[in-house]
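Single-letter residue listing:
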Amino acid sequence: MQDTTLYENLLGIKSPWSVRTVDMNIKDQRVDIWAVHTEDFVWECPECGEIRPLYDHAEERIWRHLDSCQFKTFLHARIPRIECPVHGIKQVKVLWAEEKSRFTLLFERLAIDVLKQCDITGATRILRISWDEAWRIMKHAVRRGFSRKEKKAVPVIGVDEKSIAKGHKYMTLVYDLVAGTVEYIGDDRKTESLENYYRRLSSEQLRSIKAIAMDMWEPYFQATMLQVPNAAGKIVFDRFHVMGYVTKAVDTVRKKEHRELMKNGDETLKGSKYLWLYGRENVPESRRAEFNQLRGQEMKVGRAWALKETLRRLWHYVYPASGQKFWKQWYFWATHSRLEPMREAAATLKRHIRNILTYFTNRITNAMSEGINGKIQAIKKMANGFRNPENFKTAIFFHCGGLDLYPC
């Protein structure tokens, strides 16, 4: 088999195209291939499909292809242009690459697979391309994915914030809690940040939203109440954020009690911070005896921890009436505990209790969102942080958007 025929098969080049020349440069470890087409072929307009004869050629373009063994491989061709009576002069589509791409379809597929598995720097070393080229492939893949994505409403969504840099810089993220994908990324965490997502939806799509999990951040609540029909019954304040608020109050009790004990030289609570933050079942086996001993000393932090652990039972109830009855009992206990941080936490939860108890009609949490957030944090670390927020958004959609990234 001649080398021209070999590369026609490797590249998938078919009539009217053929490989004219193959040049191998041993010194530079590079293979260059030139493709040509038959002169009398007629071409389709890429816009309307109108069949037109050749008008002229664009300047020669070079595409990076999969390596030939260890040699970098490049395809050269001059793309034909036609003159369409409707759309004017247009370049025709070629078989081996997408419009405006500098890589063949096969190389792009490989690059996407590599980028999914490692960071940009690692991908550039494996693929032997530049940082900018790797980013262009990623951005182009994300644009391709969004162009193919079906425009439909997401019935069950999660809303959360993500810190992107020091200095209180945030992004607002909207998740599809069923598919486990990131649907939208907005700048900052203001009311407008989330409103911009809702404004992209039609009235019918907004009505089709069944439930929204979020934390108790007021701007998100207000944006949803303004934009989503019947939002009051659809918003569910996420249980993990609720428990996080109460856990923070437990830690405040511990810190205050620890300071008081240390004034008398008592180090009982020294080194126990994380023990009080654990759920009962998550206390490390190696420290359970120590923790049981601490709890047996009837300290304030022990009572605060007991309040926290008891509140977790709220989400185990099946019926709304039972859940509401439990809440009233817990609230009475917390407000009569003589632990000011716990009283304050209970008062905060009471102000938001309506949309905490909506859990019983819309049993959703942001647990999946937290899992995706962990993946996003890993993406951020792999890139050693993102100075450009738009690049960070691209990386999030690339890895977590559930998009069809591959070229056809």
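Details of the structure are given in the entry above.
Residues numbered from 1 in each chain as written. Predicted model: local features only at pLDDT ≥ 70, side-chain atom pairs only at ≥ 80, totals over all residues. Heavy atoms only, no water.

Student: Help me get a handle on the environment of L314, residues and values and all.
Tutor: Its location among the elements puts L314 in the loop between α11 (300-311) and α12 (320-335). Among the residues examined, L314 registers a relative accessible area of 2% and is labelled buried. In this structure the C-alpha to C-alpha distance between L314 and I356, which are 42 residues apart in sequence, comes to 9.8 Å. Ignoring anything within four residues of it in the chain, the contact list for L314 reads G323, F326, W327, I356, L357 and F360. (Helix = DSSP H or I, 4+ residues; strand = E, 2+ residues; numbered from the N terminus. Buried < 20%, exposed > 50% of the residue type's maximum accessible area, 1.4 Å probe, protein only. Contact = heavy atoms within 4.5 Å.)

Student: How would you explain the pairing of strand β1 (residues 17-25) if you had to name every residue and give the values?
Tutor: Pairing of β1 with strand β2 (residues 30-37), which is carried by eight bridges, proceeds in the antiparallel orientation. Considered in β2, the bridge of N25 is made with R30. Between the end of β1 and the start of β2, which pair antiparallel, lie four residues, with Q29 showing a positive phi angle near 50°. (Pairing = 2+ DSSP bridges.)

Student: Describe in detail the sheet that holds strand β8 (residues 156-165), supporting the description with residues and values.
Tutor: With mixed pairing, the five strands of this open sheet are ordered in space as β10-β9-β8-β11-β12. Both edges of this open sheet fall to β10 (181-187) and β12 (235-237), since each of them pairs with a single strand only. Strand-to-strand, the axes of this sheet are offset by a mean angle of 25°, without reference to chain direction. One ladder, built from six bridges, connects strand β9 (residues 169-176) with β10; its direction is antiparallel. The residue bridging D176 from the neighbouring strand is T181, located in β10. Relative to the sheet, helix α16 (residues 389-400) contacts β8, β9 and β10, its axis offset from that of β10 by approximately 170°. (Axes fitted to C-alpha atoms, helices over the stretch in contact; angles between N-to-C directions.)

Student: Can you explain the environment of N196? Please cite residues and give values.
Tutor: Here N196 lies in helix α5 (residues 191-199). Owing to a relative accessible area of 31%, N196 belongs among the partly exposed residues under this scheme. For the pair formed by N196 and A223, sequence separation is 27 residues and the distance between their alpha carbons is 9.1 Å. Polar side-chain contacts of N196 include one of 3.2 Å to the side chain of R199. (Polar contact = N/O pair within 3.5 Å; in protein donor to acceptor, adjacent residues only side chain to side chain.)

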